[in-house]
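Coordinates in review
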Amino acid sequence: MVRLTPRRGTATLTLAGLYFLLPLAASAVFTVDVPGRGFTTDAYGQLLGAEGFLPSLLLSLALAAATVALVLLLVVPAALAVRLGAPRLRPALEIICSLPLVVPPIALVAGIGTVLRWGPEHLADTPFFQTFTALQNPSFPLVLVIAYAVMALPFVHRALDAGLRAVDVRTLVEAARSCGASWPRAVAGAVLPNLRGALLNASFLTLALVLGEFTVARVLGFQPFAVWIVAASGSQAQLTVAVSVLSLLITWALLLALAFLGGRRATTSTTDRKGSAR
């Protein structure tokens, strides 16, 4: 068995970083170094000034925020209820949340498309017709939020399950209840702050999934950022690579911002608790 010393660990992380960063750096150089012209940022200027860039990006961000909220509202109460009241149902919850890994996205979107076509034909004279219309509103397609929430279930459940395993949830809830807190306040004040890391990881994974998802949105006829990227890349090699680099940088920037905000809140909460204790 090979023991991982600090020096070996540093070397391993350095090699891993080079493995991921060197292709990205080479791609970035390719987009700004034009033979015979030297350094130029024309490719990125064309992208940033292209029609649909900002609307598609804002749509993807709105879809990501709504998907994160929906999937957390679904999984967090279910995971806590199973953990506290029905531990025997944990395998059933895990199977349900893992089902999207078995169903390919193309099969999922085929089923969604069939339902969306069936609804207006059979429910035209009922109030549910307006529901189908609202689900497919191009300015904010709620059907994509539902589809993305289903696709994100396995990742969110795994992240939350790991966080719940690391925390004695029952003791925290009983301590808060013994102090007179109601069930919602016990969960919000005692459990959720200790799951901040798990919630942040779940949000990371969901955000990355929504920003990079192409199949469902393309088949259903909507144009969030991932679909716009493919449509805008065209046949120019430099422009295509610039689109890929820009999408990676935007995704990384959003993830870093989310991590910074989560860490800042954690530091503020710790400072407030120390001040209250004094």
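Everything numeric here is computed off the predicted structure, so don't read it as measured data. Starting afresh in each chain, residues are numbered from 1 along the sequence in its written order. Reporting of local features is limited, given that this is a predicted model, to residues whose pLDDT is at least 70; pairs of side-chain atoms are given and counted only at 80 or more, and all residues count toward the totals for whole chains, interfaces and linings. Water and hydrogen atoms were dropped before computing side-chain values, which therefore reflect all heavy atoms in the structure.

**Points about the overall build of the chain**
Note the following rule: Labels follow the DSSP assignment, with helices taken as runs of H or I lasting at least four residues and strands as runs of E lasting at least two, numbered in each case from the N terminus. Per-residue accessibility, obtained with a 1.4 Å probe over protein chains only, is compared with the maximum for each type, and a residue is labelled buried under 20%, exposed over 50%, and partly exposed between these values. The contact criterion used throughout is that any non-hydrogen atoms of two residues lie within 4.5 Å. Here the open area of atoms and residues is found with the Shrake-Rupley method and a 1.4 Å probe, where only the protein chains shown may cover a residue.
Tallying secondary structure elements over the chain gives 13 helices and 2 strands in all. When the 278 residues of the chain are sorted by exposure, 35% land in the buried category. Across the chain, the fraction of contacts at a sequence separation of at least 24, relative to all contacts at a separation of at least 6, is 76%. Carbon together with sulfur atoms contributes 67% to the accessible area of the chain, which is approximately 16,800 Å² in total.

**Some thoughts on the confidence of the model for the chain**
Just so we agree on the cut-off: As a per-residue quantity, pLDDT reports the predictor's confidence and falls between 0 and 100.
Counting all residues, the mean pLDDT for the chain is 80, and 87% of those residues have values of 70 or more. At the level of individual helices and strands, the chain shows its lowest average pLDDT in helix α13 (residues 237-277), which scores 66, and its highest in helix α7 (residues 142-165), which scores 91. Low pLDDT, under 50, characterises residues 272-277; the stretch is placed with 0 contacts to residues that sit more than four places away or in other chains.

**Describing the nonpolar core**
Note the threshold: Nonpolar core, defined: a set of buried Ala, Val, Leu, Ile, Met, Phe, Trp, Tyr and Cys residues in which side-chain atoms within 4.5 Å join the residues together.
Ranked by size, the top nonpolar core spans 24 residues in total, and within it Val71, Leu72, Leu80, Val156, Leu160 and Val169 carry the most contacts. Contributions of two or more residues to this core are made by α3 (53-84), α7, α8 (169-178), α9 (183-191) and α10 (196-212). For this core, the leading source of residues is α3, giving 8 residues. Residues within four places of Leu160 in sequence aside, it is in contact with Val75, Val76, Ala198 and Leu199. With 23 residues, the next largest nonpolar core counts Val143, Tyr148, Ala217 and Val227 among its residues.

**Here's the deal with the packing of helix α4 (residues 90-102) against α7**
We apply this condition: Every axis in this analysis is a line fitted to C-alpha atoms, fitted for helices over the stretch in contact. Angles between the N-to-C directions lie between 0 and 180 degrees. Each crossing gets its hand from how the near helix is turned against the far one by less than a right angle, where anticlockwise is left-handed and clockwise is right-handed. Classes in brief: Ala, Val, Leu, Ile, Met, Phe, Trp, Tyr, Cys and Pro nonpolar; Asp, Glu, Lys and Arg charged; the others, Gly included, polar.
Two elements in contact, α4 and α7, have axes whose closest approach is 6 Å; the angle formed by their N-to-C orientations is 140°. Handedness of the α4/α7 crossing: left-handed. In contact with Arg90, Leu93, Glu94, Cys97, Ser98, Pro100 and Leu101 of α4, α7 contributes Val150, Met151, Leu153, Pro154, Phe155, His157, Arg158, Asp161 and Arg165. Grouping the amino acids of the contact of α4 with α7 by side-chain chemistry returns 9 nonpolar, 2 polar and 5 charged.

**Structural notes on helix α1 (residues 6-32)**
The condition that has to hold: Between the first and last residue of a helix there are one fewer steps than residues, each counted as 1.5 Å, and that sum is the expected span. Throughout, the bend at a residue refers to the angle made by two axes, fitted to the seven residues ending there and to the seven starting there.
For α1, built from 27 residues, the straight-helix expectation of 39 Å at 1.5 Å per residue is met to within 8% by its first-to-last C-alpha distance of 38 Å. The axis of α1 is deflected most strongly, by about 30°, at Leu21, and proline Pro23 appears within four residues downstream.

**As for the packing of aromatic side chains**
Put simply, the rule is: Only rings of Phe, Tyr and Trp enter the pairing, Trp through its six-membered ring, and a pair is recorded when the two centres are within 6.5 Å. The plane angle decides the type: under 30 degrees is stacked, over 60 is edge-to-face, the rest tilted.
Applying the stated criterion to the full structure yields 3 aromatic pairs. Seen from their ring centres, Phe53 and Phe225 are 6.0 Å apart, and the 70° between their planes marks the pair as edge-to-face. Here Phe225 lies in helix α12 (residues 225-233) and Phe53 lies in helix α3, a separation of 172 residues in the sequence. Accessibility expressed as a relative area gives 10% for Phe53, which makes it buried. The rings of Phe53, Phe225 and Trp228 are connected pair by pair, giving a single aromatic cluster.

**Observations concerning the pattern of salt bridges**
Basically, it comes down to this: For this analysis, a salt bridge means a side-chain nitrogen from Lys or Arg found within 4 Å of a carboxyl oxygen belonging to Asp or Glu.
Enumeration over the complete set of coordinates arrives at 4 salt bridges. Between Glu94 and Arg90 there is a salt bridge, with the nearest N and O atoms lying 3.9 Å from each other. Here Glu94 pairs with Arg90, and both are found in helix α4, just 4 residues apart, close to one helical turn. By relative accessible area, which is 25% here, Arg90 ends up partly exposed. The shortest N-O distance in the salt bridge between Asp161 and Arg165 comes to 3.0 Å. Here Arg165 and Asp161 lie together in helix α7, a separation of 4 residues that amounts to about one turn. On the accessibility criterion, Asp161 (13% relative accessible area) is buried. Overlapping salt bridges, with partners in common, bring together Arg90, Glu94, Arg158, Asp161 and Arg165 in one network.

**What about a nonpolar patch on the surface?**
Where we set the bar: Only residues whose relative accessible area exceeds 30% and that form no salt bridge enter a patch; like-charged residues are grouped when within 9 Å of one another, and nonpolar side chains (Val, Leu, Ile, Met, Phe, Trp, Tyr) when within 5 Å.
Taken together, the side chains of Ile95, Leu99, Leu101, Val102, Val103, Phe155 and Leu205 present a nonpolar region at the surface, about 660 Å² in accessible area. If one sorts the elements of the nonpolar patch by residue count, α4 sits on top with 4 residues. In this structure, Val103 sits in the loop between α4 and α5 (105-122). You can call Val103 partly exposed: its relative accessible area is 39%.

**Things to note about the packing of α3 against α10**
Quick note on the threshold: Roughly parallel means an angle under 35 degrees; roughly antiparallel means over 145; roughly perpendicular covers 65 to 115; every other angle is labelled oblique.
Viewed as axis vectors pointing N to C, α3 and α10 meet at an angle of 135°, and their least axial separation amounts to 9 Å. Accordingly, the angle class assigned to the pair α3 and α10 is oblique. α3 and α10 meet at a crossing whose hand is right-handed. Here α3 contributes Ser60, Leu61, Leu63, Ala64, Thr67, Val68, Val71, Leu72 and Val76 to the contact with α10, which in turn contributes Leu199, Ala202, Ser203, Thr206, Leu207, Val210 and Leu211.

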